[in-house]
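Residue strings, one per chain:
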There are 2 protein chains.
Amino acid sequence: MLGFNRRKVYNFLMQRIKLVIEYNGQKFCGWQRQKLGRSVQGEIESALSKLLQQQTLIVGSSRTDAGVHAFGQVAHFDYEGNIKPENFSKALNSLLPDDIKIVSSSKVKNTFNARFDVKKKTYLYYLSRCEKNALFKGLVAGISYILDENKMKECLNLFLGRHNFKGFCASGAQVENFEREIYEAKLFKKNNFFVFKFTGNGFMQHMVRILVGTCVDVGRGKLNLEDVKEALKFGDRAKAGKTMPASGLYLKKIYY
Amino acid sequence: MLGFNRRKVYNFLMQRIKLVIEYNGQKFCGWQRQKLGRSVQGEIESALSKLLQQQTLIVGSSRTDAGVHAFGQVAHFDYEGNIKPENFSKALNSLLPDDIKIVSSSKVKNTFNARFDVKKKTYLYYLSRCEKNALFKGLVAGISYILDENKMKECLNLFLGRHNFKGFCASGAQVENFEREIYEAKLFKKNNFFVFKFTGNGFMQHMVRILVGTCVDVGRGKLNLEDVKEALKFGDRAKAGKTMPASGLYLKKIYY
């Protein structure tokens, strides 16, 4: 009986805080906390635990890989105290290293879950049309081949809709269901860059990088559209394109 | 007589090569070769000397400061041998570190001088409207003040034309004539950034950074346009704005 009441009191005082997070992935082993290695989650948890003077864990939306960047990663944590929800961003930024920034912090419903409530996600991929990039090394990927833009756009159209993307994810991906729906798969030029934009209900490990790699292989004539259709139909990784480097990938936005 | 002939032969075989150079200034003490410290010029001269197996010096157009970036720095050097002028870019890129890229190499007239033949230069300045930038740290400057865009544009208009810019350069600038002409002074928004663009017949040390700092001080209401007019009229450094950080500055293009 006492336990039940305690829980009620706890729920009453507890606030769930949502963080929107920007980071430069170059010097991280990825989002997820690791025993060894510098992770974005680990850095934020350290700062938060220091701020709140007790160990505090966060739940992130997407486990981005080493070298992948984010404009809008999302995480949540629970908190009891007097700090105003919107003040966490400033307080954490003063404790965080230069390559992580809390863009915003806000109170959300206690049932909100950064990982399980995701409706859709948008990723961008920046591909420079030169192999070497002195200015933006680590922030873009580069390719020296001449790419057929129209062919790449035809390839992107094949990805739209609901498909089994087994042929388009890391071989070790630990998932039971490979079906995902892609709502948006676009390509546009921006100065000397190709920018790919994907919005979907979910993306498996390496999936965006393989989707882009498949477009690139189609654009340079190494694969044709029939190969891509087969990769989608039979889940055949060998018929899809190569995995592009992490450096060009940005988690742009998460929709709830 | 022999000496004269030798010189003729030398001039006949000698080719002058022009390099267009991109670099990320974050890890350099600046363009200019230093006894200590990693300079862009020094790195290129090392690579070139290695390639040609003899000490080879280059003449650069602009001595950019530590932390300043370039899309289109220009340098020249003299060379006798069988390497095709356009192949120097690839050969040098394979020897240069990641943060320097030779964009192009070409043969120019033997009278061409990268430093003294400049007709005009364009600089860009990237100013983020947030103070902290996790993604583009070192590649932009950030400011948290709210800036009045129209006021900044009025300020930019004051810089157009021929003026004595004594109030707008580093106090230690070693120049005899402070007069410069500015042909273009623009401001545009790009996502979450203000981008300043200046084209002029020359810029003294820190000049672009002080021009931008003056706009910023006007934009936030710390200076007014009359102050700027006085700074231009009397060469009064105290009436001009602060020197902005090097991180936002890009040498965009040099015109000959």
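Please read these numbers as outputs of a predicted model, since none were measured by experiment. For every chain, the first residue of the written sequence is number 1, and numbering continues from 1 along that sequence. Chain letters start at A and ligand numbers start at 1, both assigned in the order the entries are written. A pLDDT threshold of at least 70 governs which residues receive local features in this predicted model, and a stricter bar of 80 or more applies before side-chain atom pairs are shown or counted, although totals over entire chains, interfaces and linings include all residues. Excluding hydrogens and water, the side-chain figures rest on all heavy atoms present in the structure.

**Observations regarding the state of the cysteines**
Two cysteines, two sulfur atoms, one covalent bond between them: this is a disulfide. All names here are of chain A. When two cysteine sulfur atoms are found within 2.5 Å, that pair is recorded as a disulfide. Here the structure, examined in full by the defined rule, presents 0 disulfides over all chains. The thiol of Cys-130 is not disulfide-bonded; the next cysteine sulfur, from Cys-215, is found 20 Å away. Residue Cys-169 stays outside any disulfide, its sulfur separated by 16 Å from that of Cys-155, the closest cysteine. Look at Cys-169 and you get buried, because its relative accessible area is 2%. Throughout this description, buried means an accessible area under 20% of the type-specific maximum (1.4 Å probe, protein chains only), exposed means over 50%, and partly exposed covers the range between.

**Considerations on unusual backbone geometry**
Phi angles above zero are rare outside glycine, and Gln-53 of chain B is one such case at about 55 degrees. Here Gln-53 of chain B lies in the loop between α2 (40-52) and β2 (59-60). Helix and strand definitions follow DSSP, with helices as H or I runs of at least four residues and strands as E runs of at least two, each counted in order from the N terminus.

**Remarks on the packing of aromatic side chains**
A pair of Phe, Tyr and Trp rings is counted when the ring centres sit within 6.5 Å of each other, with Trp represented by its six-membered ring. The angle between the planes then sorts it: under 30 degrees is stacked, over 60 is edge-to-face, the rest tilted. Inspection of the entire model under this criterion finds 24 aromatic pairs over all chains. For the pair Phe-71 of chain B and Tyr-250 of chain B, a centre-to-centre distance of 5.2 Å together with 25 degrees between the ring planes defines the contact as stacked. Placement of Phe-71 of chain B in strand β3 (residues 69-79) and of Tyr-250 of chain B in strand β10 (residues 249-255) is noted, with a sequence separation of 179 residues between them. We classify Tyr-250 of chain B as buried; its relative accessible area is 3%. One aromatic cluster in this structure is built from Phe-71, Tyr-126, Phe-136, Phe-193 and Tyr-250 of chain A. Only Lys NZ and Arg CZ are tested; either one counts as a charge over a ring when it is within 6 Å of the ring centre and within 35 degrees of the ring normal. It is Arg-129 of chain A that lies over the ring of Phe-194 of chain A; its NZ or CZ is 4.8 Å from the centre.

**Observations concerning the pattern of salt bridges**
Here, a salt bridge means any Lys or Arg side-chain nitrogen found within 4 Å of an Asp or Glu carboxyl oxygen. Scanning all chains against the criterion turns up 30 salt bridges over all chains. A salt bridge links Lys-137 of chain B to Asp-98 of chain A; the nearest nitrogen and oxygen atoms lie 3.4 Å apart. One end of the pair, Lys-137 of chain B, is in the loop between β5 (120-128) and β6 (141-142); the other, Asp-98 of chain A, is in the loop between α3 (88-95) and β4 (100-108), on a second chain. Between Arg-209 of chain B and Asp-65 of chain B there is a salt bridge, and its shortest N-O distance comes to 3.7 Å. Pair noted here: Arg-209 of chain B is in helix α5 (residues 207-219) and Asp-65 of chain B is in the loop between β2 and β3, with a separation of 144 residues, a long-range link. We classify Arg-209 of chain B as buried; its relative accessible area is 12%. Counted as one network, the salt bridges with shared partners bring together Arg-38, Glu-43 and Asp-99 of chain A.

These figures come from the coordinates and say nothing about function on their own.
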